[in-house]
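Single-letter residue listing:
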Amino acid sequence: MKLPTMATLLLTVGAIGVACGGNGASDGDGSSQAGSGNGSASTSTNGGTGEGGAGEGGAGFGGLPDVGGDHTSGGTSNGGSSGEGGACATETARADLEPVYLAFAFDVSGSMGMGDDPWHDKSLKWDPVVAATKQFFADPLSEGLNASLRFFPSEGDNDTKCDADTYLTPEVPMTPLPSPAFAEAIDAVTPETADDWRGGTPTVFVMQGTISYATAQRQATPGRYAIVLVTDGYPAGCGSRYNQVSLVADEAETALADGIPTYVIGVANPPIEGAPETVEDMNEVAVAGGTEHAYLIDTGNPAATAAAFKAAVDAIRGAAVSCTVAIPSAPDGRTFDAQKVRVTYTSGDDEAVALTYDQDCATEEAWRYDSAENPTQIVLCDSTCAAIQADPAAALGVDFTCEDVITIPR
């Protein structure tokens, strides 16, 4: 099975006119998935046929292949009843997964390419990293994501650099991707000479400012927010009191408690004799931020560095995707019935495949409700979510049927 993904997955929610009456039977472990009708072949007016489950052939409503049941694309079904004395009409509603907003904090300190030491080689660190960064922000696969970009340290003296208020406003505000604005901002901040590089790594303060920005943005525009910290070194330049990785981890932990995780991309020094290790302890920040580990990027080979950095931001792009969606209102004025819901997926132009309902998530390729007693969200189980987050071509379908197709454990 190959499950699909996208930064924001669109759920096409359809009311399928299928014969009403058959109940799904529980398998005893909280999982059930009934077929459509009595298992006999059914005919869709859209051209597909079904064998009591996923349809074979033609596309159904909303561009999805039929997943069983007699229905039309907008009128009444060829059979079955809505339970209200009339034919069961097909309706289509649409809902989106929670939008994703990534607040990037990007290190532009001299160690990224000033050249004052052999391991501060611009061609080995800055150039391949920013090439991959630009690609991410311009990549069509990033469509559906939103991002902001804040560079650090700021220009000015230490009083300015070591002040959280300095980092409240990003150079690129929260912007839908893909966008050329990020490449333009990176080009504008790239030093022209060795003397133009900025000094210091005020990581604690950039985290504080970025967290405040993300929190304010979320209040104004709700969604799923995360911080992406890109740096090549430990905190420096603000005095020993603040030059501690543990303080950065404390900020990440505070943000996570408020529902904002922190991802870390650490750009290591190239493997040159005498080059200090400067990024391994950033794993502490990632763990505190709820993202398990930092993405540590080796340098020394520009092509390999660019590829590794791209892989890291692609992984973050996928991991940031939410695997929950609010259940939309039942179409056609009907009352929502939790047992008359089927969740399907498609990958690109492939046919829709029904996922298994399992409230315990003990089954592969499964989904559940957030609450069996009072469901408000559809939640993809871990294995399904991981597969979806790893694949860039995705669409999920939610079918509101006229018959019980799952059994909710009570």
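Worth saying up front: this structure is predicted, and the values here are computed from it rather than measured.

Section: the sheet that holds strand β9 (residues 100-107)
Then step 1. Strand order in the open sheet formed by six strands is β11-β10-β9-β12-β13-β14, with mixed pairing between adjacent strands. This sheet does not close on itself; its edge strands, each paired only once, are β11 (172-176) and β14 (295-297). Each strand of the sheet is rotated relative to its neighbour by a mean of 15°, with strand direction disregarded.
Then step 2. With five bridges joining them, strand β12 (residues 224-231) and strand β13 (residues 262-267) adopt parallel strand pairing. Across the sheet, the residue bridging to Ile-227 is Thr-262, located in β13.

Points about the pairing of strand β10 (residues 145-152)
Then step 1. For β10, the buried fraction is high: eight of the eight residues fall into the buried class.
Then step 2. Pairing of β9 with β10 involves eight bridges; the strand directions are parallel. Paired with Phe-104 across the bridge in β10 is Leu-149.
Then step 3. With helix α1 (residues 126-138) bridging β9 and the parallel β10, this β-α-β connection has right-handed handedness.
Then step 4. Summarising the sheet, β10 and β11 pair through three bridges and their orientation is antiparallel. The residue bridging Asn-146 from the neighbouring strand is Pro-176, located in β11.

Topic: the packing of α1 against helix α7 (residues 302-319)
Then step 1. One way to put it is that α1 packs onto α7 with a least axis distance of 8 Å and a crossing angle of 35°. Crossing hand, α1 versus α7: right-handed. Mapping the contact onto sequence places Pro-128, Val-129, Ala-132, Thr-133, Gln-135 and Phe-136 in α1 and Pro-302, Thr-305, Ala-306, Phe-309, Lys-310, Val-313, Asp-314 and Arg-317 in α7.
Then step 2. For the contact of α1 with α7, the class distribution of residues is eight nonpolar, three polar and three charged.

Description of helix α3 (residues 181-189)
Then step 1. What α3 keeps buried is the set Phe-182, Ala-185, Ile-186 and Val-189. Each buried residue of α3 sits inside an arc of 100° when the element is viewed along its axis, so together they form one side. Every exposed residue of α3 that faces more than 90 degrees away from the buried side is listed here: Glu-184 and Ala-188.
Then step 2. At its buried positions, α3 is contacted by α1, β10 and β11.

Calculation notes
- Residues numbered from 1 in each chain as written.
- Predicted model: local features only at pLDDT ≥ 70, side-chain atom pairs only at ≥ 80, totals over all residues.
- Heavy atoms only, no water.
- Pairing = 2+ DSSP bridges.
- Helix = DSSP H or I, 4+ residues; strand = E, 2+ residues; numbered from the N terminus.
- Axes fitted to C-alpha atoms, helices over the stretch in contact; angles between N-to-C directions.
- Buried < 20%, exposed > 50% of the residue type's maximum accessible area, 1.4 Å probe, protein only.
- Right-handed = clockwise from strand over helix to strand, strands pointing away.
- Left-handed = near helix turned anticlockwise from the far one by under 90°.
- Contact = heavy atoms within 4.5 Å.
- Nonpolar A, V, L, I, M, F, W, Y, C, P; charged D, E, K, R; others polar.
- Arc of directions from axis to C-beta.

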